[in-house]
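The residues making up each chain are set out below.
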Amino acid sequence: MPPDRLGISRFIPTSRLSLLRQVADLSAGFGSPAYLVGGFVRDALLGKPINDFDLVIEGDATKLGRALVQKHGGRVTVHAPFKTATWFPSHRPERSEARSKGEDDFIDLISARSETYEHPAALPTVKLGSLADDLRRRDFTINAMAVRLDGDHFGELADPLGGRIDLERGLVRVLHLNSFVDDPTRLFRAVRYAARYDFQLESSTEALIPAALKYVDKLSPERLRHELDLIFEEEDSVPMLEKLWTLGIIQQVHPALPSDEATRARVRGVVLVLTAVENPVHFRWAVWLMGLMPKEIRALSKRLHFSAELLRAASAASSVFAELKSIAKLRPSGCVRRLNGLPEDALWAVSVCAEGEARSNLEMYLKKWKSMKPYATGETLFEMGVPFGPRVGEILWRLRAAWLDGEVTSEEGERKLMEKLIE
Ligand code: CTP
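Residues numbered from 1 in each chain as written. Predicted model: local features only at pLDDT ≥ 70, side-chain atom pairs only at ≥ 80, totals over all residues. Heavy atoms only, no water.

### Some points on the site of the ligand
Stage number 1. Close contacts around the ligand come from 15 residues, with Asp52, Asp139, Asp183, Arg192 and Arg196 the closest.
Stage number 2. At 3.0 Å from an oxygen atom of the ligand is found a side-chain nitrogen or oxygen belonging to Arg189.
Stage number 3. Summarising the interface, the protein chains cover 75% of the accessible area of the ligand, which totals 560 Å² for the free molecule.
Stage number 4. Judged by the fraction of its atoms near the pocket grid, the ligand is located in the largest pocket.
Stage number 5. Of all the secondary structure elements, the ones that give two or more residues to the shell around the ligand are α2 (39–46) and α8 (185–197).
Stage number 6. With six residues, the top contributor of residues to the shell around the ligand is α8.
Stage number 7. Split by residue class, the shell around the ligand holds one nonpolar, four polar and ten charged.
Stage number 8. Counting the residues that make up the shell around the ligand, at least three belong to each of domain 1 (1–169) and domain 2 (171–253). (Near = heavy atom within 4 Å. Polar contact = N/O pair within 3.5 Å; in protein donor to acceptor, adjacent residues only side chain to side chain. Areas by Shrake-Rupley, 256 points an atom, 1.4 Å probe, with all protein chains shown as cover. 1 Å grid on protein atoms, 1.4 Å probe; cavity = no way out; pocket = protein on both sides within 12 Å on 5 of 7 lines; lining within 4 Å. Sits in = over half its atoms within 2 Å of the grid points. Helix = DSSP H or I, 4+ residues; strand = E, 2+ residues; numbered from the N terminus. Nonpolar A, V, L, I, M, F, W, Y, C, P; charged D, E, K, R; others polar. Domains from an automatic or database assignment.)

Right, dumping it as structure tokens:
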């Protein structure tokens with residue numbers, strides 16, 4: 001067994017490790033070494049949990065994909081223009097269960113490449129290149145390291161741009177002066193890594209930001225929203241937003257995106273109700289946007305291509321937030337009438353930002369009232385002689401409201417009320 005100089009095998013599940021070795025050994029036989037790159041190396045050196053196993057081949061990854069199928073079986077899909085391939089070592093039916101659990105039954109093979117940008121924020125033009133080219137095209141030194149995987153080279157670190165030193169010093173540093181202009185998503189990424197690892201933006205990197213701000217505007221809706229979503233997927237997104245505000249980055253996205261002190265205080269003050277919230281990203285968007293008017297939300301949705309669900313969550317949060325005073329005065333049945341069917345992550349967001357009666361009404365709705373139903377059903381009413389039709393719904397609602405507002409407290413009480421309503 002070759003020496004694992006950095007101890008990286010600790011970070012790779014055994015089944016994936018053996019696949020990666022198969023790939024790397026075959027690839028090295030063609031004179032094309034294979035490397036794990038980017039986030040894997042960064043997080044392994046930091047001793048953090050790893051999600052990504054990005055593999056770069058110094059050579060043609062599509063050829064390698066075909067050779068893997070010849071030697072080890074399985075199948076390969078090829079994306080010719082970018083010379084990338086995906087190897088599925090086995091497509092036995094029992095493996096589909098493994099895939100659905102997120103286990104490793106395929107490996108993406110990426111050819112090392114160089115990238116150039118025709119204009120600011122353009123998608124890059126890609127050409128095959130060396131590992132050194134591939135590392136140079138990346139965003140930050142800490143993301144521009146690779147470890148080799150074949151034979152005796154297993155675990156050798158390639159770090160031509162000083163990533164390891166920056167990791168030790170806790171610095172996020174771009175690789176060249178045009179980095180943020182080429183790809184303004186890096187403004188968001190820089191802030192995300194700095195806050196995630198409690199690093200600093202290296203001073204000359206930070207000094208490049210003001211001049212790059214104007215290019216944020218050139219990013220497509222999808223790329224912009226993706227960056228903001230990535231921030232909201234982080235466990236601790238608040239310091240990231242704070243830093244984006246301080247650097248003036250958020251303010252470049254869209255004038256309707258709120259940056260005022262009241263919003264910032266609300267975002268800072270909110271704790272995610274982890275046990276209750278289904279989609280933390282929507283919850284965090286809702287906290288941020290609930291102070292906006294519907295037309296501002298629509299404008300943002302257009303600029304950032306919100307999904308239909310995100311638009312629904314943001315719109316619901318904004319309308320309920322605007323009505324907190326009246327929600328505070330509603331009886332339980334009134335709350336159910338008003339809130340029924342609205343996205344719950346949005347309601348959780350508004351409830352944690354509300355106070356007094358409004359907060360407790362929202363919480364009671366989410367925890368209890370929304371699922372309170374009478375014993376009777378349409379069937380019961382039919383048996384009692386009420387024909388199917390709108391009246392059934394009206395009576396059932398009256399019964400539900402009676403339970404909600406404490407007018408009835410027992411099955412017997414419900415029955416009496418039902419008889420009265422049917423008369
Ligand atoms: N990368 C880049 N510029 C970008 C996006 C990505 O240079 N705008 C490079 C970086 O080397 C990065 C790698 O592509 O490490 C993979 O990108 P991604 O999966 O977005 O990031 P990770 O490094 O895996 O980090 P995270 O933990 O945030 O997913």
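### Quick look at helix α18 (residues 332–339)
Stage number 1. Most of α18 sits out of view: six of its eight residues are buried.
Stage number 2. Regarding α18, the residues found buried are Pro332, Ser333, Gly334, Cys335, Val336 and Leu339.
Stage number 3. Buried residues along α18 sit in contact with α16 (308–322), α17 (324–329), α19 (344–353), α20 (356–367) and α22 (390–404).
Stage number 4. The first or second residue beyond α18 is Gly341, which carries a positive phi of 85°. (Buried < 20%, exposed > 50% of the residue type's maximum accessible area, 1.4 Å probe, protein only. Contact = heavy atoms within 4.5 Å.)

### Let's talk about the packing of aromatic side chains
Stage number 1. Within this structure, the stated rule accounts for twelve aromatic pairs.
Stage number 2. Look at Phe232 and Trp285: their rings are 5.2 Å apart centre to centre, the planes differ by 70°, and that puts the pair in the edge-to-face class. Residue Phe232 is found in helix α11 (residues 221–233), and its partner Trp285 is found in helix α14 (residues 280–289); the two are separated by 53 residues along the sequence. When sorted by exposure, Phe232 lands in the same class as Trp285, which is buried.
Stage number 3. Taking 5.9 Å as the distance between ring centres and 75° as the angle between the ring planes, the aromatic pair formed by Phe232 and Trp288 counts as edge-to-face. Of this pair, Phe232 sits in helix α11 while Trp288 sits in helix α14, and the two are 56 residues apart along the sequence. By the burial criterion, Phe232 is buried, and Trp288 matches it.
Stage number 4. An aromatic cluster is built from Phe232, Trp245, Trp285, Trp288 and Phe306, whose rings are joined through pairwise contacts.
Stage number 5. Just above the ring of Tyr193 sits the side chain of Arg192; from NZ or CZ to the centre is 5.2 Å. (Phe/Tyr/Trp six-rings, centres within 6.5 Å; stacked < 30°, edge-to-face > 60°. Lys NZ or Arg CZ within 6 Å of the ring centre and 35° of its normal.)

### Looking at unusual backbone geometry
Stage number 1. The phi dihedral of Asp198 falls on the positive side, at around 60°, and the residue is not glycine.
Stage number 2. Residue Asp198 is classed as exposed on the basis of its relative accessible area, which comes to 69%.

### Comments concerning the layout of surface pockets
Where empty space is left can be seen by rolling a probe of water-molecule size over the atoms.
Stage number 1. For the largest pocket, the calculated volume is near 1300 Å³.
Stage number 2. For the lining of the largest pocket, the secondary-structure elements that each account for two or more residues are α2, β2 (54–57), β6 (113–116), α8 and α11.
Stage number 3. In terms of residue count, α8 provides more of the lining of the largest pocket than any other element does, seven residues in total.
Stage number 4. Tallied by class, the residues present in the lining of the largest pocket amount to 15 nonpolar, seven polar and 18 charged.
Stage number 5. Here the lining of the largest pocket spans two domains, and each of domain 1 (1–169) and domain 2 (171–253) adds at least three residues to it. (Points joined across faces, edges and corners; volume = space filled by probe spheres on them.)

### Some points on the domain arrangement of the protein
Accessible area lost when the parts come together is the quantity often used to give the size of an interface.
Stage number 1. You can read the domains of the protein as domain 1 (1–169), domain 2 (171–253), domain 3 (254–371) and domain 4 (378–422).
Stage number 2. Spacing between the C-alpha centres of domain 1 and domain 4 amounts to 64 Å.

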